[in-house]
Amino acid sequence: MIPVCEPLIGDNVLPLVQDCVVTGWVSSAGKYIAEFERKWAEYCGVKYGVAVSNGSVALELAIEALHLEPGSEIILPSFTIIACARAVVRMGHKPVLVDCDPVTWCMDLDETERKITPKTRAIMPVHMYGHPVDMRRLMEIAKKHDLRVVEDVCEAHGAEIGGRRMGSYGDINCFSFYANKVITTGEGGMITTDNKEYADRVRSLRNQCFLPEQRFLHRELGYNYRLTNVQAAMGVAQTDRIGQHIEIKRWMAAEYTKRLAGLNQLTLITEASWAKSVFWMYCVVLDESVPFDAKEFAARLKAKGVDTRPMFLGMHEQPAFHKLGLFVGESYPVSERLARRGLYLPSGLTLTIEQIDQVCEAVRETLR
Ligand SMILES: *Cc1c(COP(=O)(O)O)cnc(C)c1O
């Protein structure tokens, strides 16, 4: 079976991880946390990085750092992972959904503008499958309506618009370093920001809101959302190799596209002329002319030794939110089509050209 996604753990990881183990610095104290935060902030082109346990809690802490009044509306795409809308709900706010663009699969910015109300306080753009949301336009909208912006960059480490990286446009931005992301620390996350107040607040929240002047006095309730030094050591090493990881992803995408472009039954992942995508996962969408859906497509590919994953199912189709009275009766046609007709092909960082050949042959046979 060709696996759907395998990480690339370079030979520079083990010496740093070994250093943590040998010296006993295995918890969230230790020098690699600060080094990882500094390196990652510098890579993104922002002042501050604050490492946390994973991308999901990064989203929660980012929203909490904004200090919005309870019940504020936050606009985000329906087509994303549940962590986004769940973070909005858990922080006591109201998620307002928009559909996605049929070409980039990122949130539709015309609809975003239309959904702004007097209660809207923030927008959460999600850079889908490595492709940036048009942040230049989104920041204009945010500025015009005095809204904060929380970028979800969990799938788009290193993606750019006009030479500027994602994770540097928004007010406070969130990364995941889960094993299938562009770089990994196993589990892990980071927020990036230029705002010292936001950075300090996330730093405090992630570590029980201990007060520097009196350790066991608490003025606020925090969490334990710390990253370990071992994970951070891996993050330092992975950050040093991110250029190579992105080159592999872009090479993979180009090779897939070369082989599959002739098939008119498929729409392939693309890159807008104004964007540099990192092609986190290579997605394909079945045309309406194909007599089966993505679930059946996946089963047929699996029978040929090719593992795949479906694209996201929109938030407006989630029973967990319907139970809370959210998104009932709402419809987002592009998201619905992608959920039923889309999947991603093997996209791991260790994929070989022979495997890409095999995958494309299996796809061609299945669609014949
Ligand atoms: C992976 C991912 C997350 C969650 O990150 P975890 O580290 O797994 O909690 C959030 N948003 C998006 C878009 C993701 O792809």
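Quantities reported herein were computed from a predicted structural model and do not represent experimental measurements.

What counts, and at which threshold
- Residues numbered from 1 in each chain as written.
- Predicted model: local features only at pLDDT ≥ 70, side-chain atom pairs only at ≥ 80, totals over all residues.
- Heavy atoms only, no water.
- Near = heavy atom within 4 Å.
- Polar contact = N/O pair within 3.5 Å; in protein donor to acceptor, adjacent residues only side chain to side chain.
- Areas by Shrake-Rupley, 256 points an atom, 1.4 Å probe, with all protein chains shown as cover.
- Nonpolar A, V, L, I, M, F, W, Y, C, P; charged D, E, K, R; others polar.
- Domains from an automatic or database assignment.
- Contact = heavy atoms within 4.5 Å.
- Buried area = accessible area lost by both parts, 1.4 Å probe.
- Pairing = 2+ DSSP bridges.
- Helix = DSSP H or I, 4+ residues; strand = E, 2+ residues; numbered from the N terminus.
- Axes fitted to C-alpha atoms, helices over the stretch in contact; angles between N-to-C directions.
- Salt bridge = Lys/Arg side-chain N within 4 Å of Asp/Glu carboxyl O.
- Buried < 20%, exposed > 50% of the residue type's maximum accessible area, 1.4 Å probe, protein only.

### A look at the site of the ligand
The full set of residues close to the ligand is N54, G55, S56, I81, V126, D152, C154, E155, S176, K181 and G188. Backbone polar atom of G55 to an oxygen atom of the ligand: 2.8 Å apart, as the coordinates give it. D152 is positioned such that a nitrogen or oxygen atom in its side chain is 2.7 Å from a nitrogen atom of the ligand. Calculation on the ligand without its partners gives an accessible area of 380 Å², and the protein chains cover 91% of this total. Classifying every residue of the shell around the ligand by side-chain character gives three nonpolar, five polar and three charged.

### So, the domain arrangement of the protein
Along its sequence, the protein is carved into domain 1 (13–241) and domain 2 (243–367). In this assembly, 43 residues from domain 1 lie in contact with 38 residues from domain 2. At the boundary of domain 1 with domain 2, total buried surface from both sides reaches about 3400 Å², with 68% on carbon and sulfur atoms. Run the count over domain 1 and domain 2 and you get 17 residue pairs in polar contact (both at pLDDT 80 or more).

### Concerning the sheet that holds strand β14 (residues 342–345)
Strand order in the open sheet formed by four strands is β10-β12-β14-β13, and the pairing between neighbours is antiparallel. Each having just a single partner strand, β10 (266–268) and β13 (309–310) make up the two edges of the open sheet. Pairing between β13 and β14: two bridges, direction antiparallel. Bridge assignment links R309 to a residue of β14, and that residue is Y344. Here helix α9 (residues 242–260) sits on the sheet and contacts β10, β12 (282–286) and β14; the angle it forms with β12, its principal contact strand, is near 30°.

### Focus: the pattern of salt bridges
Taken as a whole, this structure holds 27 salt bridges when the rule is applied. Note that E37 and R206 form a salt bridge whose closest N and O atoms lie 2.9 Å from each other. Highlighted residues: E37 in helix α2 (residues 31–44) and R206 in helix α7 (residues 196–206), separated in sequence by 169 residues. The same class applies to E37 and to R206, which are both buried.

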